[in-house]
4 protein chains.
Amino acid sequence: MKKIAVFTSGGDAPGMNACIRAVVRGAIYHQVEIYGIRYGYNGMIKGDIYHMNSHSVSNILQKGGTILKSARSQDFRTKEGRQKAYEQLQKFGIEGLIAIGGDGTFTGANIFYEEYGVPTVGAPGTIDNDLYGTDYTIGFDTAVNTALQAIDKIRDTADSHDRIFFIEVMGRDSGYLAIQSGIGGGAEIVMVPETRTSSADVINILKQGWNRKKTSSIIVVAEGDEEGDALQIADKVKQALNDKDMRVTILGHIQRGGSPTAADRTLASRLGLGALEGLLNGEKNKMAGIINDKLVYTSFKECITLQKPINPDLLRMVEILSV
Amino acid sequence: MKKIAVFTSGGDAPGMNACIRAVVRGAIYHQVEIYGIRYGYNGMIKGDIYHMNSHSVSNILQKGGTILKSARSQDFRTKEGRQKAYEQLQKFGIEGLIAIGGDGTFTGANIFYEEYGVPTVGAPGTIDNDLYGTDYTIGFDTAVNTALQAIDKIRDTADSHDRIFFIEVMGRDSGYLAIQSGIGGGAEIVMVPETRTSSADVINILKQGWNRKKTSSIIVVAEGDEEGDALQIADKVKQALNDKDMRVTILGHIQRGGSPTAADRTLASRLGLGALEGLLNGEKNKMAGIINDKLVYTSFKECITLQKPINPDLLRMVEILSV
Amino acid sequence: MKKIAVFTSGGDAPGMNACIRAVVRGAIYHQVEIYGIRYGYNGMIKGDIYHMNSHSVSNILQKGGTILKSARSQDFRTKEGRQKAYEQLQKFGIEGLIAIGGDGTFTGANIFYEEYGVPTVGAPGTIDNDLYGTDYTIGFDTAVNTALQAIDKIRDTADSHDRIFFIEVMGRDSGYLAIQSGIGGGAEIVMVPETRTSSADVINILKQGWNRKKTSSIIVVAEGDEEGDALQIADKVKQALNDKDMRVTILGHIQRGGSPTAADRTLASRLGLGALEGLLNGEKNKMAGIINDKLVYTSFKECITLQKPINPDLLRMVEILSV
Amino acid sequence: MKKIAVFTSGGDAPGMNACIRAVVRGAIYHQVEIYGIRYGYNGMIKGDIYHMNSHSVSNILQKGGTILKSARSQDFRTKEGRQKAYEQLQKFGIEGLIAIGGDGTFTGANIFYEEYGVPTVGAPGTIDNDLYGTDYTIGFDTAVNTALQAIDKIRDTADSHDRIFFIEVMGRDSGYLAIQSGIGGGAEIVMVPETRTSSADVINILKQGWNRKKTSSIIVVAEGDEEGDALQIADKVKQALNDKDMRVTILGHIQRGGSPTAADRTLASRLGLGALEGLLNGEKNKMAGIINDKLVYTSFKECITLQKPINPDLLRMVEILSV
């Protein structure tokens, strides 16, 4: 393999740039020509592709976002779109791909391989940490720390006013972000899609806290919780407890940005290099991951279909630590 | 004056603790007995008052929130409430008060003096910077930096996806926070209560930006803007431009918390000491402020009724710098 | 076991407070009486011991340092010292200990058990991550991020002036902190005790960089590197390259402080709870650790004597990523 | 004036990029052609000059350092050097200059005008805040906050071990950085070039603190203090008090880097625009500054020769607040 290309796709995550850098520098080290594709599959279809060298990735290690830009592509879901994408890759002579992204990205790559035989190795980039095949995804540690710093700030004002705050963090299908930022932030309750916590449970726990003279409380809610979003849950609790002073904060997109943490920079560098060297060694349709500090490759199929459960130790801790 | 008390009231602001510390340490330095009142006027009414010494304020300089807790008091608005408050102060032998807070706090202190003759000197503590009589209020610089760091993070993801973001910052009556975080964050548009920017203006500016190949934009909206809140404005713009990809983030209560910045710690220390020494020197019903780096005292009446305008240089800059 | 005590010893590390909190709250949850010992073994000897409850550990989760204070104890190295310590524990009726610290702490606990039969379970708290028996120690992740943020700042000025910087990070016996902050900071060279990098190697790599038009470089040096400290190495390189413009920064004690990261808060909470529940379940003379995301107990003897090697993947990465 | 150029010179400071951006965007707004000169006067001599447009300064507002690079120029101190620089400007048709820097930068610009009549307006960029003609210089607020965050971290470990720390901050000729970070960091003593504090004074204050049961202390030392640097002072105090446990940390170059604070971004933007509009309006050999929130122009001569004293209120506060 003499020419390969790298792209980012789906929601951006801090550390994607560190990963791109590792792919590019690794390719140069192994004397392979490396191209960047802008805007994910959309750019592949349009031929928004350029040659990269060592300086293309200077001084990006510490930056949030992705210098290759990202997008969700409707066109790549069509046969015509994928046909055009293949033609563009042919034009540039690109023989293999490194895809940095999540579920949707790898689903696309899988179909693309079946149709056109272009081998892809993936690196998991998503703040949700909801991918099977790796202990952590690129961006997760940064997003947890961002959420945590926000919770720390809210705790200051919650304490000053003896208030209850509901804080909604990202995580449509996974409570990883909620549980870790909840433990780190000393939340009294964490509501995640993986477990069933009803508004009635919340009300009970808050009442118990008052009996123990807790004056303020933080409840962290994953956006995908089955009991509703933070606003809905807060409304029910407010009515039941007749406490008008409760507040809701939805952290939103700040969790997607920011300079990556040390752990994310190291992880992204390892996964970028791992994906590249995997591709050069003949891996395809697999995602590079780190499990128990070792580089592993898992088929896209498994990554997409299998579930990564939350460590039950973490769920148990929330209850014990808020006594 | 041999015994005085300090309290915080209204919305909490980072730096209030630094201010309390300066009041307490200053009192000890001047050999005056110092008491703390918890929960603002509510605690005054209930007699939630305790003796403070140098160690009471150790290691609080860097903390957000207020160790004296804060509250908005309905009871102090009644004659009965104020009567009880006066009796409590009498019981403890407290001859003067230091009030750290904003508009509402000083309004209460003013009435209290007229009725019972208890002298109060105030220190301006509010993240909104909307008080006449001081260039900056305690907590404003920290809140601006918190908003700015959030905007920086959102810019990362806005750039990666070529998206438009509407970011709502606090400021019901004042655009200070919005204008400073907008300039610092490189916002294309800043919408503040002090000036009239319509949704049609926003649409025009965004279109002009596209003509100059701007791919992403940040619009900062003060929560009190007369055109509506961020969600409402975004809805109008979305429809007019038929761009479903716009996003809204409401920063909310994270702006109230956090460790105070250097400027807020210094300002809070100066104002705390200034309020204390003013009270000891016979000032009353006045707020300590810093104008042009000099300590000044302004009557509560003026602080409450007069408006502090935004520097027009700042408003002009947003337009020029986003070309 | 009905009464136990917790203490911190040796160099402090961010997250120790989160660990103390988990021990205390865990003890309350399991209905065991919990005492705190101040100043490590010194406080044990002097009887500086107090009863703790749930509120003793409120609002400390996010704080650096240790509320139980720490010290290195000369007296505990003597038979007389340990005799007095034992008597104090007897006086309070304390039947078991949780020790948060490193090598020296566990060595002391081991001897103490042999002499007096007091069972101890340890939790690894040290920024150096140099303990066998756990993947990570409490405080390491925070220290890496602190070092990294410093390196990011220095990179700004290094780039602006095309300068070479030598940055010394902590780590007398271990290069963990250096290698992770070096990878995260995009260092061209990382010098650690575990591998041999001579000044001549440094000079060669810098020259190669200049050939590739690198204009600035960061060299991270672990304080315990066998080639000398950062000042000594910089002197040799300066002379050899006749470049007077090189700079040295020794990060020093800032690496020990600061609010713990999310990863450190979670780790500290798990290890605190794990140590406590281990002690209650009959473990003794062992350290709680997390290996491959699972709680394990390793004998103090092994923790003290065995070496934890640096992952060679990380050492290899520095070379590849700086091309 | 139809063509102008901007450059940065001397030590870099956070916010220089925000200033460059304001100059460039302001020039475009006023329909003037704008060039960038790399590496200060050195680049002027070598003709390292390029045309800038609006995109040249996209996404640099939040970055530390300077995209135009900086240098101290020996060659510009010679007649030959300045002659060459003039010829380069002639070649590009550049009629006026914006210089972002400090003392040395403006001294050079002054001579250059006298010899060749090229008008320059300056913007004060230095973390030391030691320039007459402006309340604050670009980079000062960021450097204070960086120093403060380091002091906060050191305070954690100082408290945990009951230790005394000497912390050296930058400031060869000025104690601004030391006094503000000292007040913000709750330092017991601040040693600055502007006042005389002897080691004997330090020893006395520490002893008084011990009498009041202070267990740990922070002493902030400006690098230019007449009593010596932090290491020398610490040595004297150590010997006199026979306390081997004292520690010294020299913050060093981390104070020069980092993303600028909100205040620095706003200040830099105002000064950049102010310098530009001044130049276009016929100002020359003057520095733009902000005094009492108003834009003013002060002759280079005054900026270089006159002293800006530290507000005595600040010096007095350190003593009172550490009781």
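Each value, and the rule that gives it
Throughout this document, residue positions are counted from 1 along each chain, in the order its sequence is written. The naming scheme follows written order: chains are lettered A onward, ligands numbered 1 onward. In keeping with the model being predicted, local features are shown solely for residues with a pLDDT of at least 70 and side-chain atom pairs are shown and tallied solely at 80 or more, while totals for entire chains, interfaces and linings include all residues. The side-chain values count all of the structure's non-hydrogen atoms but skip hydrogen atoms and water molecules. UniProt positions are given in the numbering used here, feature names are shortened, and annotations may be inferred rather than shown by experiment. Under the DSSP-based scheme used, a helix requires at least four consecutive residues in state H or I and a strand at least two consecutive residues in state E, with every element numbered from the N terminus. The quantity called the radius of gyration is restricted to C-alpha atoms. Its globule counterpart is 2.2 Å times the number of residues to the power 0.38. Residue contacts follow a heavy-atom distance rule, with two residues in contact if any of their heavy atoms lie within 4.5 Å. A quick way to say it: buried area is the sum, across both parts, of accessible area lost when two parts are put together, with a 1.4 Å probe. Salt bridges are defined as contacts in which a side-chain nitrogen from Lys or Arg sits within 4 Å of a carboxyl oxygen from Asp or Glu. Burial classes: relative accessible area under 20% of the type maximum marks a residue as buried, over 50% as exposed, and values in between as partly exposed (1.4 Å probe, protein chains only). Least-squares superposition of the copies uses the C-alpha atoms of those residues scoring a pLDDT of at least 70 in each of them. By this rule the span expected of a helix is its residue count minus one, scaled by 1.5 Å. Two aromatic rings from Phe, Tyr or Trp, using only the six-membered ring of Trp, form a pair when their centres are within 6.5 Å; if the ring planes differ by under 30 degrees the pair is stacked, by over 60 it is edge-to-face, and anything between is tilted. Criterion for a charge above a ring: Lys NZ or Arg CZ within 6 Å of the ring centre, and within 35 degrees of the ring normal. To define axes, lines are fitted to C-alpha atoms, for helices over the stretch in contact only, and angles between the resulting N-to-C directions are given on a 0 to 180 degree scale. An angle below 35 degrees is read as roughly parallel, one above 145 as roughly antiparallel, one from 65 to 115 as roughly perpendicular, and any other as oblique. Residue polarity follows a fixed list, in which Ala, Val, Leu, Ile, Met, Phe, Trp, Tyr, Cys and Pro are nonpolar, Asp, Glu, Lys and Arg are charged, and the others, Gly among them, are polar. In this description, strands pair whenever DSSP reports at least two bridges between them. Each helix crossing is assigned a hand: it is left-handed if the near helix lies turned anticlockwise from the far helix by less than a right angle, otherwise right-handed if that turn is clockwise.

For chain A, an unreviewed UniProt entry supplies the name ATP-dependent 6-phosphofructokinase and the organism Shiella aurantiaca. Quoted verbatim from the Subcellular location (unreviewed entry) heading of the UniProt record, the comment on chain A is "Cytoplasm". Within the UniProt record for chain A, the comment given under Cofactor (unreviewed entry) is "Mg(2+)".

Q: Outline the overall build of chain A, listing residues and values.
A: When helices and strands are tallied, chain A shows 11 helices and 11 strands. Taken against the 2.2 N^0.38 rule, which gives 20 Å for 323 residues, the C-alpha radius of gyration of chain A at 22 Å falls within 12% of a compact globule. With the C-alpha coordinates aligned to their principal axes, the bounding extent of chain A is approximately 70 × 35 × 30 Å. For chain A, restricting intrachain contacts to residue pairs at least 6 apart in sequence, the fraction spanning at least 24 positions comes to 76%.

Q: Give me the interface of chain C and chain A: which residues, what numbers.
A: In this complex, chain C contributes 49 residues to the contact, which on the side of chain A involves 49 residues. Between chain C and chain A lies a buried interface of about 3800 Å² when both sides are counted; carbon and sulfur atoms form 53% of it. Of all residues in chain C, the largest losses of buried area upon contact with chain A belong to C:Tyr29, C:Leu321 and C:Val323, amounting jointly to 15% of the total for that side. There are 6 salt bridges connecting chain C and chain A. C:Asp152 serves as the salt-bridge partner of A:Arg265, at 2.7 Å between the closest nitrogen and oxygen.

Q: I'd like to hear about the UniProt feature "binding site: Mg(2+)" (unreviewed entry) in chain A, residue by residue, with values.
A: All names here are of chain A. According to UniProt, the "binding site: Mg(2+)" (unreviewed entry) feature falls on Asp103. Here aspartate 103 lies in helix α4 (residues 103-116). The partly exposed category is assigned to aspartate 103, whose relative accessible area is 36%. Apart from the residues within four sequence positions on either side, aspartate 103 is in contact with Leu131, Cys303 and Ile304.

Q: Residue-level account of the relation of the copies chain C and chain A, with values.
A: Here chain C sits on chain A after a turn of 180° about the axis and a move of 0.0 Å along it, with an RMSD of 0.0 Å. What the superposition gives is, in effect, a two-fold axis relating one chain to the other. When each C-alpha of chain C is compared by its distance to the rotation axis, C:Asn292 comes out closest, at 2.4 Å. Of the residues that chain C buries at the interface, 100% are likewise interface residues in chain A, meaning the two copies contact each other through the same surface.

Q: How would you summarise helix α4 (residues 103-116) of chain D if you had to cite specific residues and measurements?
A: Residue and element names in this part refer to chain D. Under the 1.5 Å per step criterion, the end-to-end length of α4 is 20 Å for 14 residues, consistent within 8% with the ideal 20 Å. Among the residues making up α4, those that are buried are Thr105, Phe106, Gly108, Ala109, Asn110 and Phe112. Directly beyond the C-terminal end of α4, a positive phi value near 70° is found at glycine 117.

Q: Hey, could you go over helix α3 (residues 79-92) of chain D for me, with residue numbers and the actual values?
A: Residues and elements named next belong to chain D. Counted at 1.5 Å a residue, the expected span for α3 with its 14 residues is 20 Å, and the 20 Å between its end C-alpha atoms agrees. In this structure, the buried residues of α3 make contact with β2 (33-37), α2 (40-46), β3 (49-51), β4 (96-101) and α4. A positive backbone phi angle near 75° is found at glycine 93, which sits one or two residues after α3.

Q: Let's hear about the packing of aromatic side chains: which residues, and what values?
A: Describing an aromatic ring pair means giving the distance of the ring centres and the angle of the ring planes. Enumeration according to the criterion identifies 36 aromatic pairs over all chains in this entry. Centre to centre, the rings of D:Tyr86 and D:Tyr116 are 4.7 Å apart; their planes meet at 20°, and the pair counts as stacked. One end of the pair, D:Tyr86, is in helix α3; the other, D:Tyr116, is in helix α4, with 30 residues separating them in the sequence. Exposure remark for D:Tyr86: the relative accessible area of 22% places this residue in the partly exposed category. Exposure remark for D:Tyr116: the relative accessible area of 22% places this residue in the partly exposed category. Members of the aromatic cluster, each reached through a chain of ring pairs, are A:Phe7, A:Tyr41, A:Phe76, A:Tyr86, A:Phe112 and A:Tyr116. Lying over the aromatic face of A:Tyr50, A:Arg38 brings its terminal NZ or CZ to 4.1 Å of the ring centre.

Q: Before we move on, could you go through the packing of helix α3 (residues 79-92) of chain C against helix α4 (residues 103-116) of chain C and cite the residues and values that matter?
A: All names here are of chain C. Between α3 and α4, the shortest axis-to-axis distance is 11 Å and the interhelical angle comes to 70°. Our classification of the angle between α3 and α4 gives roughly perpendicular. Here α3 contributes Lys79, Arg82, Gln83, Ala85, Tyr86 and Leu89 to the contact with α4, which in turn contributes Ile111, Phe112, Glu115 and Tyr116. The residue makeup of the contact of α3 with α4, split by class, is 6 nonpolar, 1 polar and 3 charged.

Q: Which residues make up the pattern of salt bridges, and what values do they have?
A: Throughout the structure, instances matching the rule amount to 60 salt bridges over all chains. Residue A:Glu283 is joined to A:Lys286 by a salt bridge in which the shortest nitrogen-to-oxygen separation is 3.0 Å. Given a relative accessible area of 22%, A:Glu283 falls into the partly exposed group. For A:Lys286, a relative accessible area of 28% gives the class partly exposed. For B:Asp48, the salt bridge goes to B:Arg38, with nearest N and O atoms at 2.9 Å. With a gap of 10 residues between them, B:Asp48 in the loop between α2 (40-46) and β3 (49-51) and B:Arg38 in the loop between β2 (33-37) and α2 connect regions that are remote in the sequence. Since its relative accessible area comes to 28%, B:Arg38 is described here as partly exposed.

Q: Residues and numbers for the environment of D:Arg72, please.
A: Residue and element names in this part refer to chain D. Relative to the helices and strands, arginine 72 resides in the loop between β3 and α3. Look at arginine 72 and you get exposed, because its relative accessible area is 58%. Sequence separation between arginine 72 and glycine 10 is 62 residues, and the spatial gap between their C-alpha atoms is 5.3 Å.

Q: Mind laying out the sheet that holds strand β1 (residues 3-8) of chain D, listing which residues take part and the relevant values?
A: Residue and element names in this part refer to chain D. Taken in spatial order, the 7 strands of this open sheet run β3-β2-β1-β4-β5-β10-β11, and their pairing is mixed. At either margin of the open sheet sits one strand with a lone partner, and together these are β3 and β11 (294-299). Across the sheet, the mean angle separating the axes of adjacent strands is 30° when strand polarity is ignored. Here helix α9 (residues 262-280) sits on the sheet and contacts β1, β4, β5 (120-124), β10 (286-291) and β11; the angle it forms with β10, its principal contact strand, is near 140°.

Q: A description of the packing of helix α5 (residues 140-161) of chain C against helix α6 (residues 176-184) of chain C should follow, citing residues and the corresponding values.
A: Residues and elements named next belong to chain C. Running from amino to carboxyl end, α5 crosses α6 at an angle of 45°, the nearest separation of the two axes being 9 Å. Judged by the angle between their axes, α5 and α6 are oblique. Once α5 is placed against α6, the crossing between them reads as right-handed. Residues Phe140, Ala143, Val144, Ala147, Leu148 and Ile151 of α5 lie in contact with α6, whose contacting residues are Tyr176, Leu177, Gln180, Ser181 and Gly184. A breakdown of the residues in the contact of α5 with α6 according to their chemical character gives 8 nonpolar, 3 polar and no charged.

Q: I'd like a rundown of unusual backbone geometry, residues and numbers included.
A: Residue and element names in this part refer to chain C. Despite not being glycine, glutamine 31 has its phi angle at roughly 55°, a positive value. Position of glutamine 31 among the secondary structure elements: in the loop between α1 (16-29) and β2 (33-37). Here glutamine 31 falls in the exposed class, since its relative accessible area comes to 69%. Even without being glycine, asparagine 292 reaches a positive phi, approximately 50°. Structurally, the position occupied by asparagine 292 is in the loop between β10 (286-291) and β11 (294-299). We classify asparagine 292 as partly exposed; its relative accessible area is 30%.

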